[in-house]
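Descriptive analysis of the structure
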Amino acid sequence: MTVRPILIHPDPRLKKVAAPLEDSSDAIRALAKDMLETMYDAPGIGLAAPQIGILDRMIVLDCVKEEGETPRPLVMLNPQVIASSDEKNVYEEGCLSIPEQFAEVERPRDVTVTWMDENGTAHQEDFDGLWATCIQHEIDHLEGKLFIDYLRPLKRQMITRKMQKLKRELARDGNDAG
Ligand SMILES: [Zn+2]
């Protein structure tokens with residue numbers, strides 16, 4: 001397992017629409033392990049393949065945050081929201097590609113999601129709370145959409161400028177900012 005470098009916004013690869021996966025494979029299972037390792041290492045509760053520069057429709061997540069609770073790592077290939085509630089929920093969201101920036105985003109409170117796991121098995125499940133928000137956030141990544149795209153232009157530009165500055169600093173320090 002390898003921790004992969006996470007791309008930092010702005011990056012053209014974070015704005016691309018990712019391609020559906022035909023099936024799972026050993027390569028996909030290896031990638032899933034790397035993505036989970038990268039997510040836990042960050043630490044984060046979700047990661048989409050485009051965030052490590054891979055334009056496949058694949059996300060990983062684990063929204064169990066409480067100490068002592070059993071982790072629930074999920075790998076989703078071709079995840080799709082097939083139904084969502086009229087009721088909304090507001091969460092303060094962040095993103096591993098937009099470090100240390102947070103903002104409130106409103107999304108449907110409950111979602112029904114279909115996906116294929118890393119072994120090729122099809123699933124359907126209802127999610128609410130943080131899980132629902134996280135899944136919608138990660139699926140957005142597969143459409144080239146970031147949580148800051150929900151914010152007002154001024155706020156979005158402010159965050160983007162901060163990220164440009166951060167990337168310059170990382171480049172100057174000789175780190176790989178992706
Ligand atoms: Zn994100």
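Just above, that's the structure.
Let us look at the structure shown here. Nothing here was measured: the structure is a model prediction, and the numbers come from that model.

Okay, the pairing of strand E5 (residues 98-108) next. Note: strand E4 (residues 88-95) against E5, seven bridges, orientation antiparallel. Residue pairing in the sheet places Lys88 in a bridge with Pro108 of E5. Between the end of E4 and the start of E5, which pair antiparallel, lie two residues.

This part takes up the nonpolar core. Formed by 32 residues in total, the largest nonpolar core has its most connected members in Ala32, Met35, Ile59, Val60, Leu61 and Ile135. By size, the runner-up hydrophobic cluster in this structure holds nine residues, among which are Ile8, Cys95, Ile98 and Ile148.

Right, let's talk about the environment of Pro71 for a bit. Following the sequence through the fold, Pro71 ends up in the loop between strand E2 (58-61) and strand E3 (74-84). What makes Pro71 exposed here is the crowd of 10 C-beta atoms within 10 Å. Considering only alpha carbons, one finds Pro71 and Arg172, 101 residues apart in sequence, at a separation of 37 Å. Apart from the residues within four sequence positions on either side, Pro71 is in contact with Asp62 and Val64.

Reading across from one edge, E1-E2-E3-E6-E7 is the order of the five strands in this open sheet, with antiparallel pairing throughout. Of all the strands in the sheet, just strand E1 (46-48) and strand E7 (122-127) have a single pairing partner and so form its edges. Taking each pair of neighbouring strands and ignoring which way they run, the sheet shows an average axis angle of 40°. Bridge count between E2 and E3: four bridges; the pairing is antiparallel. Bridge pairing in E3 links Met58 to Leu77.

Attention now goes to the environment of Asp41. Of note, Asp41 is situated in helix H1 (residues 26-41). Along the backbone, Asp41 and Thr114 are 73 residues apart, and their C-alpha atoms lie at a distance of 27 Å.

Following His9, the chain continues to Pro10 via a peptide bond in cis, the omega torsion being 0°. Its place among the elements puts Pro10 in the segment before H1. For the peptide bond that leads from Ala42 to Pro43, omega is -5°, which places it in the cis range. As for its position among the elements, Pro43 is in the loop between H1 and E1. Despite not being glycine, Asn78 has its phi angle at roughly 50°, a positive value. Topologically, Asn78 is positioned in strand E3. On the neighbour-count criterion, Asn78 (19 C-beta atoms within 10 Å) is partly exposed.

Bringing the environment of Asp117 into the picture now. Here Asp117 lies in the loop between strand E6 (111-116) and E7. For the pair Asp117 and Ser97, spaced 20 residues apart in sequence, the C-alpha to C-alpha distance is 24 Å. Apart from residues no more than four positions distant in its own chain, Asp117 is found in contact with Val75 and His123.

Each value, and the rule that gives it
Residues numbered from 1 in each chain as written. Predicted model: local features only at pLDDT ≥ 70, side-chain atom pairs only at ≥ 80, totals over all residues. Pairing = 2+ DSSP bridges. Helix = DSSP H or I, 4+ residues; strand = E, 2+ residues; numbered from the N terminus. Core = buried A, V, L, I, M, F, W, Y, C linked by C-beta atoms within 7 Å. Buried ≥ 20, exposed ≤ 12 C-beta atoms within 10 Å, placed from the backbone. Contact = placed C-beta atoms within 7 Å. Axes fitted to C-alpha atoms, helices over the stretch in contact; angles between N-to-C directions.

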